[in-house]
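Reading the structure
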Amino acid sequence: MSFLSEQLDNGQFVVTAEIAPPKGTDLSEALAAVEKLTGIAAVNVTDNQGANMRLSSLALAARLQQQGTETVLQLTCRDRNRMALQSDLLGAASFGIENLLLLSGDHSKFGDHPDSRPVFDLDSVQLLDMAAGLMAGTDMAGKSLDGVPEFFPGAAVNPAAEPFELMFQKVAKKVDSGARFFQTQSVFDCETLERFMLAMQPLQVPVIAGVLLIRSSRMARFLNDNIPGVQVPETLVQRLASAEDPLAEGVEIAREAVAWARDHCQGVHLMTLGHEDKIPAILA
Amino acid sequence: MIISELKPYEELQQALADFDKLFIVGCAACATACKSGGEDEVFKFQEWLNEQGKDATGSVIIDEACHIARAARDLRHHKAAVQDADALVVLACGSGIQSISSNVDKHVVGGLNSMFLGNVRRFGQYEEMCSLCGDCILNETAGICPVTTCAKGLLNGPCGGMEDGHCEVDAEIECAWSLIYERLKSQQRQGVFARRVPPKNWSRRFQPGRYRLKDGER
């Protein structure tokens, strides 16, 4: 049983962080960043994040797991068909990786290989179903597995998505397909989070709210223009723009979001993008 | 119909570099309708060839260039002009190009890129709505195909990139799942939202596709 699932089961407020594998084979920076993390239940390892080609999330997660850091392996449907996804999940289990964040994935158009053929053989709901099948001892072809993986599968959600009802029917499907926790896209206002958590109540699945450290107004604008599902409200962009120390203001904005999460959610997922040293300040 | 467009002239110049005399083939079906390989375009292409210092030995617009036997018959009617040419250049979809290349021994140059099976929104404006997947889900999705019109072909609802009912790939385009949802709601039915849709059976998308009517159906 993973530490993350234990903490959530015990009703503890969990903190997760995330790390991106390098573009290349030099893991030193990623490993050093993880070393600096304290008070974290598990570290998400992103999978070709934003459709930019990097070292495999499975390879870095395996390395971290072997040196005693608990990970949440992110796996998207963009780059692999159902056979590769199953292989990778079995491979992950063989390294002791249990926590999964199963995603559709950003479209290849957004990344550094826009000419590649996006796969999407499965969607995130089907991927969750498949993971549940593997845990029950059978692959998608109905064949028995020799050695059955143990996973703690999670899913993603954008609580701010509109139409809300349409977004939420997929959340319900993900729960039906075995999602045991949710990590959300970055949240920027409390009302959105409250509305979402109210809808989540009957489903009884823990929600870890996404909190993004925004360094500057320029970064906020970049996110708004380039990252699907992220819309930093203009009021926050202005706060960052007029701040004397934008990074400190970003930390303050993140602190506010963490406070909402403490009130309404079961944990917080910190996306600090290289500023992992700010995590204690964000959580303080 | 099959939507196609003329290849860039630079690419055509390279593809035709070794040939001086060309026989031009157009198509009276899709390529005529989407103005890539009808009479006007064949005429324009001939003028362009002349500007390049090349000659056209003749031309033909085949009724449906994808019809292999018809293409053979029409080429036979132009036997002398075809024989006189160094190569044939075909302004038809990839299907049409291959009807021609399977009927002649000569070098065949395709002049068009084939893009998609398109619906006509209005004249000159085409939209892909079906990707011929062999496993149709339209009856559950209020007649809107997510396999084609969702950029990721998702089957269980929108992705996390949907913003105000629009697609992450192109903010001008409405999210296919949002459209499906609205239409099902207006028809007061649950449709595809009533179940978790299992992974698609891609073995039904035969490649290369082959189909034969049974004896009684022909």
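Moving on, we get to the overall build of chain B. Helix and strand content of chain B: eight helices and seven strands. For 218 residues, the compact-globule formula gives about 17 Å, and the C-alpha radius of gyration of chain B, at 22 Å, lies well above that figure. When its C-alpha atoms are laid out on the principal axes, chain B stretches across 65 × 45 × 25 Å. Per-residue burial for chain B yields a buried fraction of 35% across its 218 residues. Within chain B, counting contacts between residues at least 6 apart in sequence, those at least 24 apart form 58% of the total.

Another point: the interface of chain B and chain A. Contacts between the two partners involve 24 residues from chain B, matched on the other side by 29 residues from chain A. Residues belonging to the side of chain B that touches chain A are distributed by class as follows: 12 nonpolar, seven polar and five charged.

In this section: the domain arrangement of chain B. According to the domain assignment, chain B contains domain 1 (2–115) and domain 2 (134–204). Once you take the C-alpha centre of each, domain 1 of chain B and domain 2 of chain B turn out to be 39 Å apart.

Our focus in this paragraph is the nonpolar core. The biggest cluster of nonpolar side chains holds 101 residues, and the ones touching the most others in it are V43(A) and V211(A). Sorting elements by how many residues they give to this core places helix 10 (residues 246–264) of chain A first, with seven residues. Excluding its chain neighbours within four sequence positions, the residues that come into contact with V211(A) are S186(A), A254(A), A257(A), V258(A), A261(A), V268(A), H269(A), L270(A) and M271(A). L22(B), F23(B), V90(B) and L112(B) belong to the second-largest nonpolar core, a separate cluster that totals 34 residues.

Residues and elements named next belong to chain A. Reading around the barrel, the eight strands line up as 1-2-3-4-5-6-7-8 and close back on themselves, with parallel pairing between neighbours. Geometrically, the sheet is characterised by an average inter-axis angle of 25° between neighbouring strands, direction not taken into account. Pairing between strand 3 (residues 71–76) and strand 4 (residues 99–103): five bridges, direction parallel. Across the sheet, V72 pairs through a bridge with N99, a residue of strand 4. The sheet strands contacting helix 5 (residues 124–135) are strand 4 and strand 5 (152–157), and the helix crosses strand 4 at an angle near 150°.

Pairing between the strands of a sheet comes from backbone hydrogen bonds, and it takes one of two forms, parallel or antiparallel. All names here are of chain B. One open sheet holds the four strands; their spatial order is 3-2-4-5, and the pairing between them is parallel. With partners counted over all chains shown, the strands left at the sheet margins are strand 3 (55–62) and strand 5 (107–110), one partner each. Averaged over all adjacent pairs, the angle separating strand axes in this sheet is 25°, with direction ignored.

Scoring rules and cut-offs
- Residues numbered from 1 in each chain as written.
- Chains lettered and ligands numbered in written order.
- Predicted model: local features only at pLDDT ≥ 70, side-chain atom pairs only at ≥ 80, totals over all residues.
- Helix = DSSP H or I, 4+ residues; strand = E, 2+ residues; numbered from the N terminus.
- Rg over C-alpha atoms; globule rule 2.2 N^0.38 Å.
- Buried ≥ 20, exposed ≤ 12 C-beta atoms within 10 Å, placed from the backbone.
- Contact = placed C-beta atoms within 7 Å.
- Nonpolar A, V, L, I, M, F, W, Y, C, P; charged D, E, K, R; others polar.
- Domains from an automatic or database assignment.
- Core = buried A, V, L, I, M, F, W, Y, C linked by C-beta atoms within 7 Å.
- Pairing = 2+ DSSP bridges.
- Axes fitted to C-alpha atoms, helices over the stretch in contact; angles between N-to-C directions.

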